[in-house]
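Each chain, letter by letter, is given below.
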Amino acid sequence: MKNSKSIFNNLFVLELANNHLGSIVRGKKIISEYGQVVRFNKIKAAIKLQFRDVDSFIHDEFKKLDERYIKKTLKTKLNKNEYKVLVDHIKKNDCIPMATPFDEKSVDLCVEFNFPIIKIASSDCNDWPLIEKIASTKKPVIVSTGGVSEKDLDDVVLFFKNRKIDLAINHCVSLYPSEDSELMLNQIDYLKNRYPENIIGFSTHEYTDWSSSMHMSYAKGARTWERHIDINYEDVPVSKYNSLPHQIDEWFKSFHKAVEMCGPTSDERRIISKNETEYLDKLVRGVYAKKDLKKGLEIDNKNLNKNFFLAIPLQKGQLSCRELLNGEILLKNLKKGDPLNIENIEGPYSKTETLKQKIKKKGIKI
């Protein structure tokens, strides 16, 4: 794998829903509004377009067919110059420009615009002529998995692995919109276990929540996310599966909260804070004399329980249950109930200055 997988890490992909109705004005307004939300939340975000070479994408004989997908595709048609206006506006708003190409000519347009990432839609996960064309660019790829069989998914993952092209895999349920009961977030675990070399993400079309699923998906290991975005503009109804700017703002804030709550990566031990250590030290039991003890007593594991007991509080400089006592010599008489302090013994703890100072700092001052 090339060293470009980091481009996927904590990447948010915001797709211009319904190809922004084919309106440049509407598209630029959406980009501007979400650019502000992205900057305010300090997020790494891509704004994604949909590329279709409409003239060849739809068969000539069926362009007048009364079918929703065909009519929408024709209505939202843009030319290269119009796409460039949007691409430049995405860059101006400090976002990453990218696209989902639905045909081979559109892949060439992605290359011409020098997009750093190309997206493969769930519907095209086994469109091999298109996948071959995308792979020829050698650019990192994100693929969504909605409705894709395990065999097809294995094939596409192996295909990009063999070509040493970085691939992120988005768990996705292709229901628009999705209910909470349809999110199937455990699929993130499945994908992480089956494809451990790939970044796993979550592409969602839910319409009731912008926080819980973020917390859960991040905790499960998703590291790239995608949602459709739109705005209230010119009295055009917003589809349920689209998010509005205030909802994406909540989504981003939930991501930051998830990062804060989860802490460092799961493959390394977290840094233990001084405050936590000091708090726990106060709960550690200290070593106390069970009876009057005379100077010169050799402490070993055979007489330890006979001569000492453990109890809180642990006092400054006192030996605790964490220190192994065996072979130390008592340097002064102790009365029943007295703490066994580091200054009262001769042994490894008292002779090693770093250990001695560590014991002196633990516990509470009485």
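All values derive from a computational prediction rather than experimental measurement. (Residues numbered from 1 in each chain as written. Predicted model: local features only at pLDDT ≥ 70, side-chain atom pairs only at ≥ 80, totals over all residues. Heavy atoms only, no water.)

1. Focus: the sheet that holds strand β11 (residues 298-299)
Strands in a sheet are paired, the pairing made by backbone hydrogen bonds, and the direction either parallel or antiparallel.
Then, in step 1: With antiparallel pairing, the three strands of this open sheet are ordered in space as β11-β13-β14. Edge positions in the sheet fall to β11 and β14 (345-346), since each of these pairs with one other strand and no more.
Then, in step 2: Relative to strand β13 (residues 328-330), β11 is paired through two bridges, and the arrangement is antiparallel. Residue E298 lies in a different strand from β13, and its bridge partner there is I329. (Pairing = 2+ DSSP bridges. Helix = DSSP H or I, 4+ residues; strand = E, 2+ residues; numbered from the N terminus.)

2. Quick look at the packing of helix α1 (residues 24-41) against helix α4 (residues 80-92)
Then, in step 1: Running from amino to carboxyl end, α1 crosses α4 at an angle of 15 degrees, the nearest separation of the two axes being 10 Å. Between α1 and α4, the crossing angle belongs to the class labelled roughly parallel. In this structure, the crossing between α1 and α4 has a hand that is right-handed. Residues I24, G27, K28, I31 and S32 of α1 touch α4, and the partners they reach there are E82, V85, L86, H89 and I90. (Axes fitted to C-alpha atoms, helices over the stretch in contact; angles between N-to-C directions. Parallel < 35°, antiparallel > 145°, perpendicular 65-115°, else oblique. Left-handed = near helix turned anticlockwise from the far one by under 90°. Contact = heavy atoms within 4.5 Å.)

3. Focus on the environment of N232
Then, in step 1: Mapped onto the secondary structure, N232 falls in the loop between β8 (224-229) and β9 (242-243).
Then, in step 2: With 154 residues separating them along the chain, N232 and L78 place their C-alpha atoms 22 Å apart.
Then, in step 3: Setting aside residues no more than four positions away along its own chain, N232 makes contact with V238 and L244.

4. Some words on the pattern of salt bridges
Then, in step 1: Scanning the model with the defined rule gives 22 salt bridges in all.
Then, in step 2: Residues E343 and K360 are paired through a salt bridge, measuring 2.8 Å at the closest nitrogen-oxygen approach. You can see E343 sitting in the loop between β13 and β14 and its partner K360 sitting in helix α14 (residues 353-361), a full 17 residues away along the chain.
Then, in step 3: A relative accessible area of 44% means that E343 is categorised as partly exposed.
Then, in step 4: On the basis of relative accessible area, K360 is assigned to the partly exposed category, the value being 32%.
Then, in step 5: Shared partners join several salt bridges into a network, and the residues in it are E15, K48, K119 and E226. (Salt bridge = Lys/Arg side-chain N within 4 Å of Asp/Glu carboxyl O. Buried < 20%, exposed > 50% of the residue type's maximum accessible area, 1.4 Å probe, protein only.)

5. Some words on the packing of aromatic side chains
What characterises a pair of aromatic rings is the spacing of the ring centres plus the angle enclosed by the ring planes.
Then, in step 1: Applying the stated rule across the entire model yields 17 aromatic pairs.
Then, in step 2: Arranged with centres 5.7 Å apart and planes meeting at 20 degrees, the rings of Y288 and F309 form a pair that is stacked. Taken together, the residues Y288 in strand β10 (residues 286-289) and F309 in strand β12 (residues 308-311) connect sequence positions 21 residues apart.
Then, in step 3: Each member of the aromatic cluster is reached from another via a ring pair, and the members are F12, Y218, W225, W251, F252 and F255.
Then, in step 4: Positioned above the aromatic ring of F102 is the side chain of R52, whose terminal nitrogen or guanidinium carbon lies 4.1 Å from the ring centre.
Then, in step 5: Lying across the ring of W251, R227 places its NZ or CZ 5.1 Å from the centre. (Phe/Tyr/Trp six-rings, centres within 6.5 Å; stacked < 30°, edge-to-face > 60°. Lys NZ or Arg CZ within 6 Å of the ring centre and 35° of its normal.)

Purely geometric stuff here, so don't read any function into it on its own.
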